[in-house]
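Given next are the chains, with one letter for each unit.
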Amino acid sequence: LAFGARAQPVDGSLPRLVKTGPSTQLLVDGKPYFVLGGELGNSAASSTAYMQPVWPKLKALHLNTVIAPVYWELMEPQEGKFDFTLVDDLLRDARRHQMKLVLLWFGSWKNSMSCYAPAWVKTDLKRFPRVEDDKGVPQEIMTPFEPRNLEADKKAFVQLLQHLRAADGQQHTVVTVQVENEIGMLPTARSYDARANAAFKQPVPAPLLTYLQREKKSLKPEFAAIWQRQGAKTKGTWEDVFGKGLATDEIFMAWHFAAYTNAIAAAGKAAYPLPMYVNAALNRPGWLPGRYPSAGPLPHVMDVWLAASPAIDILAPDFYNPDFKHWCDLYTRGGNPLFIPEIRFEDGVAAKAFYAFGHYNCLAFSPFAIEGSDTLKGAPIGKAYELLQQMSPLLGRHQPKGQVQGFLLQKDSAASVFTLGDYRFTARHEYTLGWSLGAKKPDWTPGGGLVVAVAPDEFYVVGTGLVLTAEPTAAGKRAGYLSVDEGVFEGGKWVPGRRMNGDQDHQGRHVRVPGDEYSIQ
Ligand code: N0T
């Protein structure tokens with residue numbers, strides 16, 4: 001028992017979320033913190049030996065945070081016998097490499113399934129029953145309708161949080177916790193186990209009805225439509241209030257998944273109040289509930305999750321599909337902070353990182369299966385993180401004042417136009433310049449960047465593959481770049497390098513970062 005025999009007092013500067021102006025910030029040791037992260041593949045953190053060569057690799061990619069699983073089955077191999085070795089190893093190794101952790105609680109659910117439940121749970125179907133499909137066939141998914149399922153998971157999660165309080169309450173290595181992973185119902189939109197069937201005939205719970213009333217003007221439109229179609233009823237069963245059909249089955253299921261997860265999060269926070277989020281496997285447009293993992297924290301049931309889970313701070317999307325902006329827009333509705341625990345580790349991910357932090361005030365960005373990167377694959381995100389790390393203090397200061405803008409530039413995308421202070425900026429992909437070396441390439445690695453306004457006539461630009469022009473918002477005037485410097489921040493201090501006032505800034509007409517290059521100017 002390395003830690004934990006004696007609980008240490010928790011100091012007042014725990015990682016926490018604060019609303020600052022239009023955005024939410026994650027404060028770590030009192031300062032805004034941006035998770036420049038990578039999520040480990042599912043099995044990496046189950047072996048400390050396997051992880052040893054991984055840590056230096058992640059350090060070389062300039063990650064400041066590793067997102068790593070905690071596996072219920074390995075943490076509580078026998079009921080009531082807890083083993084925190086893997087957690088303590090993560091804490092030790094993260095600290096050795098000056099990194100923070102986001103921990104993933106692989107408890108009752110992992111990608112819908114209950115594969116990380118301990119064997120003593122999996123093999124006791126009587127005590128720990130599963131969801132059933134519409135033919136009564138049990139699935140490998142613990143049912144949220146069974147209180148003993150909840151109790152077992154909650155007990156373990158509380159043990160984990162108590163352990164973190166004792167082992168990390170002073171050092172704040174763990175900055176946030178994800179509760180469960182990609183919760184979802186399959187292969188039907190709701191469960192048909194006996195308890196689920198009974199619950200389905202019950203009235204809609206009062207907190208959801210109250211939420212509907214209170215938030216009626218700000219409900220997400222696709223959810224409001226379902227409620228209004230039935231006459232915006234304020235009492236009745238699930239089918240009275242939302243109508244008969246798959247949409248209602250999913251809403252019902254979302255409520256129960258969310259209430260279960262909320263109970264776990266709330267109990268965990270009572271032990272050690274870290275920020276907590278849940279993540280969603282995004283659905284494919286047009287697919288019916290039951291075909292995709294349904295009832296997780298998806299955009300169309302966000303309201304249900306918000307109503308049922310006040311202990312959950314953030315609903316987070318996992319990106320494995322192409323339309324980045326579309327889903328970011330859906331997940332930032334109603335002030336939900338954007339936290340990206342997973343994004344496919346592919347070409348263009350670096351540009352998306354700049355865009356997410358600049359445009360959406362994103363709290364966390366994290367390619368998935370980060371340990372699998374070779375130098376080539378990791379280089380772009382490593383470069384982006386190196387620069388974003390330097391920019392973090394500036395970002396943290398100027399974000400709350402609305403003085404940051406971001407953009408994403410793809411081959412077929414229109415220019416991105418935005419206003420900062422007295423200027424209207426236009427960002428284009430650098431390959432749109434006919435004389436750019438990459439202009440004739442068939443495939444364009446996406447470009448992206450962000451701009452911070454630090455004074456009326458002074459801006460910092462960071463990014464890749466971009467060209468930025470500016471014009472005054474006032475009519476009848478012109479603007480040019482007086483001087484452009486490339487440089488780095490060292491210990492928070494700007495150290496200029498090259499003066500870029502020739503071809504590099506097109507003789508004062510633009511700011512440019514060539515495709516596949518990265519810089520702060
Ligand atoms: C993710 C990861 C891991 C339109 C997949 C993604 C991780 C989990 N699931 O490697 O399993 O633990 O959170 C689901 C992707 C769905 C694809 C949809 C394409």
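Within any chain, residue numbers begin from 1 and follow the written order of that chain's sequence. In keeping with the predicted nature of the model, local features appear solely for residues at pLDDT of at least 70, side-chain atom pairs appear and are counted solely at 80 or more, and the whole-chain, interface and lining totals rest on all residues. Here the side-chain values reflect all heavy atoms present in the structure, with hydrogen atoms and water set aside.

Novice: Mind showing me how you'd approach the overall build of the protein chain here?
Specialist: Looking only at helices and strands, the protein chain features 15 helices and 23 strands. C-alpha atoms define the radius of gyration in this analysis, and the globule rule sets the expected value at 2.2 Å times the number of residues to the power 0.38. Compactness check: the protein chain gives a C-alpha radius of gyration of 24 Å against a globular reference of 24 Å for 521 residues, within 12% of the reference. A principal-axis box enclosing the C-alpha atoms of the protein chain has dimensions of 75 × 60 × 45 Å. Sorting the 521 residues of the protein chain into buried and exposed places 57% on the buried side. Here a residue-residue contact requires only that any non-hydrogen atoms of the pair lie within 4.5 Å. Counting only contacts in the protein chain whose residues sit at least 6 apart along the sequence, the fraction spanning at least 24 positions is 73%. Methods summary: accessible areas were calculated by the Shrake-Rupley approach with a probe of 1.4 Å, and residue burial reflects only the protein chains presented. With an accessible surface of roughly 21,400 Å², the protein chain has 53% of that area assigned to carbon and sulfur atoms. A distance of 4 Å separates the average location of the 55 positive side-chain charges in the protein chain from that of its 53 negative side-chain charges. In this text, helices come from DSSP runs of H or I with a minimum length of four residues, and strands from runs of E with a minimum of two, each type numbered from the N-terminal end. Residue burial is assigned from relative accessible area. The probe radius is 1.4 Å, only protein chains are included, and a residue is buried under 20% of its type maximum, exposed over 50%, and partly exposed in between. Counted as positive: Lys and Arg. Counted as negative: Asp and Glu. His and the chain ends are not counted at all. Charge positions are represented by NZ for Lys, CZ for Arg, CG for Asp and CD for Glu.

Novice: Just checking my understanding: could you explain the packing of helix 6 (residues 147-168) against helix 11 (residues 246-271) for this structure?
Specialist: When two helices pack together, their arrangement is captured by the angle between the axes and the distance separating the axes. Under this scheme, a helix contributes an axis fitted over its contacting stretch, all axes are lines through C-alpha atoms, and angles between N-to-C directions fall in the 0 to 180 degree range. Closest axis-to-axis distance for the helix 6/helix 11 pair is 8 Å, and the angle between their directions is 30°. Relative to helix 11, helix 6 is oriented roughly parallel. When you trace helix 6 past helix 11, the crossing you get is right-handed. In this structure, helix 6 contributes N149, L150, D153, K154, F157, V158, L161, Q162 and R165 to the contact, and helix 11 contributes Y260, A263, I264, A265, A267, G268 and A271. Here the residues of the contact of helix 6 with helix 11 are counted per class, giving 10 nonpolar, 3 polar and 3 charged. Any angle that falls under 35 degrees is termed roughly parallel, while one over 145 is termed roughly antiparallel, one within 65 to 115 roughly perpendicular, and all others oblique. Crossings are assigned a handedness: left-handed for a near helix turned anticlockwise from the far helix by less than a right angle, right-handed for a clockwise turn. Put simply, Ala, Val, Leu, Ile, Met, Phe, Trp, Tyr, Cys and Pro go in the nonpolar bin, Asp, Glu, Lys and Arg in the charged bin, and everything else, Gly too, in the polar bin.

Novice: Any chance you could explain the environment of D134 here in plain terms?
Specialist: For D134, the location among the structural elements is in the loop between strand 7 (130-132) and strand 8 (138-142). As for D134 and R190, which are separated by 56 residues in sequence, their C-alpha atoms are 8.3 Å apart. Not counting chain neighbours up to four residues away, the residues in contact with D134 comprise T188 and Y192.

Novice: I tried to follow the nonpolar core on my own but got confused; where do I start?
Specialist: We define a nonpolar core as any set of buried Ala, Val, Leu, Ile, Met, Phe, Trp, Tyr and Cys residues linked to one another through side-chain atoms lying within 4.5 Å. Core analysis: the largest hydrophobic core is formed by 151 residues, its most contacted members being L40, L164, F242, F324 and F365. Broken down by element, the residue count for this core peaks at 11 residues, all from helix 11. Each of domain 1 (16-198 + 253-401) and domain 2 (404-520) accounts for three or more of the residues forming this core. Contacts of L164, omitting those with residues within four sequence positions, involve V87, L91, L103, G169, V174, Y272 and L274. In terms of nonpolar packing, the next biggest core, distinct from the first, is built from 18 residues, L409, L420, V461 and V513 among them. Domain segmentation is taken from an automatic or database assignment of domains.

Novice: What exactly am I supposed to notice about the packing of helix 14 (residues 349-359) against helix 15 (residues 375-398) here?
Specialist: Contact geometry of helix 14 with helix 15 gives a least axis separation of 9 Å together with a crossing angle of 15°. Of the possible angle classes, the one that applies to helix 14 and helix 15 is roughly parallel. Read as a crossing pair, helix 14 and helix 15 show a hand that is right-handed. Contacts between helix 14 and helix 15 involve V349, A350, A353, F354 and F357 from the former and P380, I381, A384, L388 and L395 from the latter. The residue inventory of the contact of helix 14 with helix 15, partitioned by class, reads 10 nonpolar, no polar and no charged.

Novice: I tried to follow the sheet that holds strand 1 (residues 16-20) on my own but got confused; where do I start?
Specialist: Strand pairing within a sheet occurs via backbone hydrogen bonds; the two strands may be parallel or antiparallel. Two strands pair if DSSP finds at least two bridges between them. Reading across the sheet, the 3 strands line up as 1-2-3 and stay open at both edges, with antiparallel pairing between neighbours. Each edge of the open sheet is held by one strand with a lone partner, namely strand 1 and strand 3 (31-32). Sheet topology note: the strand 1/strand 2 (residues 23-28) ladder contains 5 bridges and is antiparallel. In the sheet register, T20 faces strand 2, and the bridge partner there is S23.

Novice: How should I be thinking about the site of the ligand in this particular structure?
Specialist: Put simply, a residue is near a molecule or strand once any heavy atom of it comes within 4 Å of that molecule or strand. In the vicinity of the ligand, the residues found are N42, K110, N111, N181, E182, R284, D318, Y320, N321, E342 and F368. Between K110 and the ligand, the recorded distance is 3.1 Å, taken from a side-chain N or O atom to an oxygen atom. Taken by itself the ligand offers 500 Å² of open surface, and the protein chains cover 72% of this. Two N or O atoms count as a polar contact when they lie within 3.5 Å, although within protein this holds only if one can serve as hydrogen donor and the other as acceptor, and sequence-adjacent residues are included solely when both atoms are side-chain atoms.

Novice: Could you clarify how one ought to interpret the packing of aromatic side chains in this entry?
Specialist: Any two aromatic rings considered together are summarised by their centre-to-centre distance and by the angle between their planes. The pairing test for Phe, Tyr and Trp rings, Trp by its six-membered ring, is centres within 6.5 Å, and the orientation test on the planes gives stacked under 30 degrees, edge-to-face over 60, and tilted for anything in between. Taken as a whole and assessed by the stated rule, the structure comprises 31 aromatic pairs. With 5.4 Å between their ring centres and 85° between their planes, Y431 and W444 make a pair best called edge-to-face. Of this pair, Y431 sits in the loop between strand 16 (423-429) and strand 17 (447-455) while W444 sits in the loop between strand 16 and strand 17, and the two are 13 residues apart along the sequence. In terms of burial, Y431 and W444 fall into one category: buried. Among the aromatic residues, those joined into a ring-pair cluster are F145, F200, F223, W238, F242 and F252.

Novice: Where do I start with the sheet that holds strand 9 (residues 174-181) in this structure?
Specialist: Pairing in this open sheet of 8 strands is parallel, and the strands run 12-11-10-9-6-5-4-13 from one edge to the other. At either end of the open sheet lies a strand with only one pairing partner, and these are strand 12 (342-343) and strand 13 (364-365). Strand contacts of helix 6: strand 5 (65-71), strand 6 (100-110), strand 9 and strand 10 (276-281), with the helix running at about 170° to strand 6, the strand carrying the most contacts. Along the sheet, helix 13 (residues 324-331) makes contact with strand 10, strand 11 (314-319), strand 12 and strand 13, crossing strand 11 at roughly 170°.

Novice: I tried to follow the side chain of K220 on my own but got confused; where do I start?
Specialist: The topology assignment puts K220 in the loop between helix 8 (206-214) and helix 9 (221-229). In this structure, K220 is in contact with Y211, P299, M302, D303, L306 and R333, ignoring residues within four places of it in sequence.

Novice: Could you clarify how one ought to interpret the domain arrangement of the protein chain in this entry?
Specialist: A common way to report how large an interface is uses the accessible area buried once the components associate. Considered domain by domain, the protein chain is made up of domain 1 (16-198 + 253-401) and domain 2 (404-520). Computed over C-alpha atoms, the centres of domain 1 and domain 2 are 34 Å apart. Contacts between the two partners involve 23 residues from domain 1, matched on the other side by 23 residues from domain 2. Once two parts are put together, the accessible area they lose, assessed with a 1.4 Å probe and summed over both, is termed the buried area. Broken down residue by residue, the surface that domain 1 buries against domain 2 is led by F354, Q390 and M391, which jointly contribute 29%. Just to be clear on terms, a salt bridge is a Lys or Arg side-chain nitrogen sitting within 4 Å of an Asp or Glu carboxyl oxygen. The interface formed by domain 1 and domain 2 contains 0 salt bridges. The tally of links from domain 1 across to domain 2 stands at 3 residue pairs in polar contact (both at pLDDT 80 or more). For the side of domain 1 that touches domain 2, the secondary structure elements donating two or more residues are helix 13, helix 14 and helix 15. Here the side of domain 1 that touches domain 2 gets 10 residues from one element, more than from any other, and that element is helix 15. For the side of domain 1 that touches domain 2, the per-class residue count stands at 13 nonpolar, 6 polar and 4 charged.

Novice: Help me out: how do you make sense of the pairing of strand 5 in this one?
Specialist: Walk down a regular strand and you will see the side chains alternate between the two sheet faces. Where burial is concerned, most of strand 5 is hidden: 7 out of the 7 residues are buried. A two-sided burial pattern is seen for strand 5, the buried positions comprising T65, I67, P69 and Y71 on one face and V66, A68 and V70 on the other. As judged from the 3 bridges shared by strand 4 (residues 35-39) and strand 5, these two strands associate in the parallel manner. Its bridge partner being in strand 5, E39 is matched across the sheet by I67. Judged from the 7 bridges that link them, strand 5 and strand 6 form a sheet pairing that is parallel.

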